[in-house]
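Examining the three-dimensional arrangement
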Amino acid sequence: MAAPRPPSSRFWGTAVAATRRLARGCWSAFWDYETPKVMVVRNRRLGVVHRAVQLLILLYFVWYVFIVQKSYQDSETGPESSVITKVKGITASERRVWDVEEYVKPPEGGSVFSIITRIEVTPSQTLGTCPESVRVRNATCKSDEDCEAGQLDMMGNGLRTGRCVPYYHGAAKTCEVSGWCPVEDGAAVSHFLGTMAPNFTILIKNSIHYPKFRFSKGNIETRRDGYLKHCTFHETSDLYCPIFRLGFIVEQAGENFTELALTGGVIGVIINWDCDLDLAASECKPRYSFRRLDPKHTPASAGYNFRFAKYYGTEDNSTSRTLIKAYGIRIDVIVHGQAGKFSLIPTIINLATALTSIGVGSFLCDWILLTFMNKNKVYSHKKFDKVCAQRPSGSWPVTLALVLGQAPPPPPPRPCSSDPSQAPAPLPPRPGPPSTPPEQMVDPPEQGTGQDTSEPHTTDPRGLAQL
């Protein structure tokens, strides 16, 4: 008597058998072929939903994809660009006149430059010792014990000497530092340069190139009659005169010029080149927009300012300098754009996508039909059939006759169902006149033999005689 198998062996044997059955089922299903079955459902509501979905998809592709997005074109974004700027104008403060060389930084005329509108000047700074600014952390003191000698504060103005000295004004005391003295807060003088600044003119010369389409263009009118000497920018009448007033730029950005001149800020001049190269080159025009780029509502970092110094030599061979803290309007010229031209490949791709997407209407209606309709089980039975194709029996002449259409068609395949009750009934015999074999295929009865002539002779299937 054989020993019983342990439970673990039976478990693994069952698992392996189930895995094999699953693998065989997946492998068999992988080679199945599915073809759609056309079924006409006479339901007005379902038909309205189907046509409405198809119409919406068609309108989306025709209006948005092809007309708005111009998806039939090959496109290129980010043109190669160069920007040259030039500022002109003079202004005056309480004590002096300022020209372009003094209030424009840097003077090279690039795509980013600053126009100074207010300055705080600390004149005649020399290397020495002086009180630290009260704005520096831990700078105030009451005695020398509060000041550590040799301490260097990164936010301060010099190296502390260890002494507590009176401040520039008032009764306060701060630690003494060694550096450029006096410090900025102790002797700064303010100058406002924004009185005439709104009338400054800015020339923005821009040229772009799309290498993919070998297309180039600039934003200046090609005329020789001195047009640029007496024109200013206007969106309709002087589009190709890129000379802007500073006050116009600030106004278009939605800012108040006086407030901006006091605290400073960053204004972006955006030049957009959206070109449809299927049209004439004259239809490719620059579009200008203006907006403030820096966060003006953030108290900790509102405005725009920077510092620079001018150095001088004295008679005793020492060096002095004038420290300037400048507030101004920084102009950032930003160029972007996109060019498009008809191409066959994106047109074919988008047309194929559109035609494929129209089938979403059929998918939606099938889901409604098989899920929410009252007779959904009947529809499901009518829509999905599983047919097992069987190879025709017989020898190769019969198979060849079936291929050539010279033999009667085989009976239709039966559905793959294991339920005998669902098996189709046998087909009745096809009515028709009895076929008489051709004379050349029937052998005459032999004379003088004892064979029974009442037995019919066996003939080939229809059409095989012609092979």
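Residues numbered from 1 in each chain as written. Predicted model: local features only at pLDDT ≥ 70, side-chain atom pairs only at ≥ 80, totals over all residues. Heavy atoms only, no water.

**Some words on the overall build of the protein**
We apply this condition: Segments assigned H or I by DSSP are reported as helices when at least four residues long, segments assigned E as strands when at least two residues long, and all are numbered from the N terminus. We call a residue buried when its accessible area falls under 20% of the maximum for its residue type, exposed when it is over 50%, and partly exposed in between, using a 1.4 Å probe and counting protein chains only. Contacts are assigned to residue pairs with any non-hydrogen atoms lying within 4.5 Å of each other. Here the accessible surface of atoms and residues is derived via Shrake-Rupley with a 1.4 Å probe, and residues count as covered only by protein chains that are part of the display.
Secondary structure assignment for the protein yields ten helices and 16 strands. Per-residue burial over the protein gives 30% buried out of 467 residues. Sequence separation of at least 24 residues holds for 68% of the intrachain contacts in the protein that already meet a minimum separation of 6. Carbon and sulfur atoms form 57% of the exposed surface of the protein, whose accessible area is close to 32,400 Å².

**Side note on the pattern of salt bridges**
We count it as follows: Here a salt bridge means any side-chain nitrogen of Lys or Arg lying within 4 Å of a carboxyl oxygen belonging to Asp or Glu.
In total, this model carries ten salt bridges according to the counting rule given. Between Arg163 and Glu176 there is a salt bridge whose closest N-O contact spans 3.6 Å. A residue pair is termed long-range when its members are at least 10 positions apart, and Arg163 in strand β7 (residues 158-166) and Glu176 in strand β8 (residues 173-181) qualify at 13 residues. Exposure remark for Glu176: the relative accessible area of 8% places this residue in the buried category. Residues Arg307 and Glu184 are paired through a salt bridge, measuring 3.1 Å at the closest nitrogen-oxygen approach. You can see Arg307 sitting in strand β15 (residues 305-313) and its partner Glu184 sitting in helix α4 (residues 184-187), a full 123 residues away along the chain. Residue Arg307 is classed as partly exposed on the basis of its relative accessible area of 46%. One network of salt bridges, with partners in common, ties together Glu255, Arg292, Asp294 and Lys296.

**Description of the UniProt feature "transmembrane region" (unreviewed entry) in the protein**
The following threshold applies: UniProt positions are given in the numbering used here, feature names are shortened, and annotations may be inferred rather than shown by experiment.
Under the present numbering, the feature "transmembrane region" (unreviewed entry) in UniProt falls on residues 48-66 and 351-373. Span residues 48-66 is 100% helix and 0% strand, its end C-alpha atoms 26 Å apart. Annotation note: span residues 351-373, helix share 83%, strand share 0%, distance between end C-alpha atoms 33 Å.

**So, helix α2 (residues 44-68)**
Every α-helix carries 3.6 residues per turn, so stepping three or four residues along brings you back to the same face. Note the cut-off: In this scheme, a helix's expected span is set at 1.5 Å multiplied by one less than its residue total. In protein, a polar contact means a hydrogen-donor-capable atom and an acceptor-capable atom, both N or O and within 3.5 Å, with residues adjacent in sequence counting only if both atoms are side-chain atoms; elsewhere, any N or O pair within 3.5 Å suffices.
With 25 residues, α2 should reach 36 Å at 1.5 Å per residue; the first-to-last C-alpha distance of 34 Å fits that figure. Buried residues of α2: Leu46, His50, Val53, Gln54, Ile57, Phe61, Val65 and Phe66, and no others. N-capping of α2 is provided by Asn43, with a side-chain oxygen placed 3.2 Å from the backbone N of Arg45. Lys70, located one to two residues past α2, shows a positive phi value of around 50°.

**A short note on helix α7 (residues 344-357)**
Applicable threshold: As used here, the arc is the angular range of directions from the helix axis to the C-beta atoms.
The terminal C-alpha atoms of α7, which comprises 14 residues, lie 20 Å apart, in line with the 20 Å expected from a rise of 1.5 Å per residue. Every buried residue of α7 is accounted for by Pro346, Thr347, Asn350, Ala354 and Ser357. Viewed along the axis of α7, the buried residues span an arc of 100°, placing them on a single side of the element. Facing away from the buried side of α7, by more than 90 degrees, are the exposed residues Leu344, Ile345, Ile349, Leu355 and Thr356.

**Some points on the state of the cysteines**
The criterion, for reference: Any two cysteine sulfur atoms within 2.5 Å of one another count as a disulfide.
Within this structure, the stated rule accounts for five disulfides. Each disulfide pairs two cysteine sulfurs, and for Cys130 the partner residue is Cys181, the sulfurs being separated by 2.1 Å. One quick way to see it: the torsion about the S-S bond of Cys130 and Cys181 is about -75°, and its sign makes the bridge left-handed. In this pair, Cys130 sits in strand β6 (residues 112-131) while Cys181 sits in strand β8, placing the two residues 51 residues apart along the sequence. Cys130 sits in the buried class, given a relative accessible area of 6%. A relative accessible area of 8% places Cys181 in the buried class. Shown here is the disulfide that connects Cys147 with Cys175, its sulfur atoms set 2.0 Å apart.

**With respect to the side chain of Glu76**
We count it as follows: Working convention for charge: Lys and Arg count positive, Asp and Glu count negative, and His plus the chain ends are omitted.
Residue position: Glu76 is located in strand β1 (residues 73-77). Buried and unpaired, Glu76 has no salt bridge, with Lys212 as the nearest side chain of opposite charge at 6.4 Å. If near-sequence neighbours (up to four positions away) are discounted, Glu76 is found in contact with Tyr210, Pro211, Lys212, Phe213, Gly337, Gln338 and Ala339.

**Comments concerning the pairing of strand β10 (residues 201-210)**
Using the following cut-off: Strands pair, by our definition, only if DSSP identifies at least two bridges between them.
Only one face of β10 is buried: it carries Ile202, Ile204, Asn206, Ile208 and Tyr210, and the other face, with Thr201, Leu203, Lys205, Ser207 and His209, is open. With nine bridges connecting them, strand β2 (residues 80-88) and β10 associate as antiparallel partners. Residue pairing across strands places Ser81 opposite Ile208, the latter belonging to β10. Bridge count for β10 against strand β12 (residues 243-245) is three bridges, and the pairing is antiparallel. Counted as the bridge partner of Ile202 is Phe244 from β12. Two strands pair when backbone bridges link them, and β10 and strand β11 (residues 215-218) are joined in this way by four bridges, in the antiparallel orientation. Residue Ile208 lies in a different strand from β11, and its bridge partner there is Lys217.

**Comments concerning the confidence of the model for the protein**
Applied cut-off: The predictor reports its confidence for every residue as pLDDT, a score running from 0 up to 100.
Confidence in the prediction for the protein averages 81 pLDDT; 80% of positions are at 70 or higher. This stretch, residues 418-423, has a pLDDT under 50; its non-local contacts, to residues over four places away or in other chains, come to one contact. The low-confidence segment residues 432-467, where pLDDT is below 50, has 16 contacts with residues more than four positions distant or belonging to other chains.

**Remarks on the packing of aromatic side chains**
Convention followed: Two rings from Phe, Tyr or Trp (for Trp, the six-membered ring) form a pair when their centres sit within 6.5 Å of each other. Planes less than 30 degrees apart are called stacked, planes more than 60 degrees apart edge-to-face, and all others tilted.
In this structure the tally under the stated criterion is 18 aromatic pairs. A ring pair is formed by Phe30 and Trp31, whose centres lie 4.9 Å apart and whose planes are at 85°; its orientation type is edge-to-face. On the basis of relative accessible area, Trp31 is assigned to the exposed category, the value being 57%. Relative to Tyr64, the ring of Trp63 lies with its centre 6.3 Å away and its plane at 40°, an arrangement referred to as tilted.

**Comments concerning the environment of Tyr64**
On the secondary structure map, Tyr64 appears in helix α2. By relative accessible area, Tyr64 is classed as partly exposed at 31%. When neighbours within four sequence positions are excluded, Tyr64 is seen to be in contact with Leu59 and Gln69.

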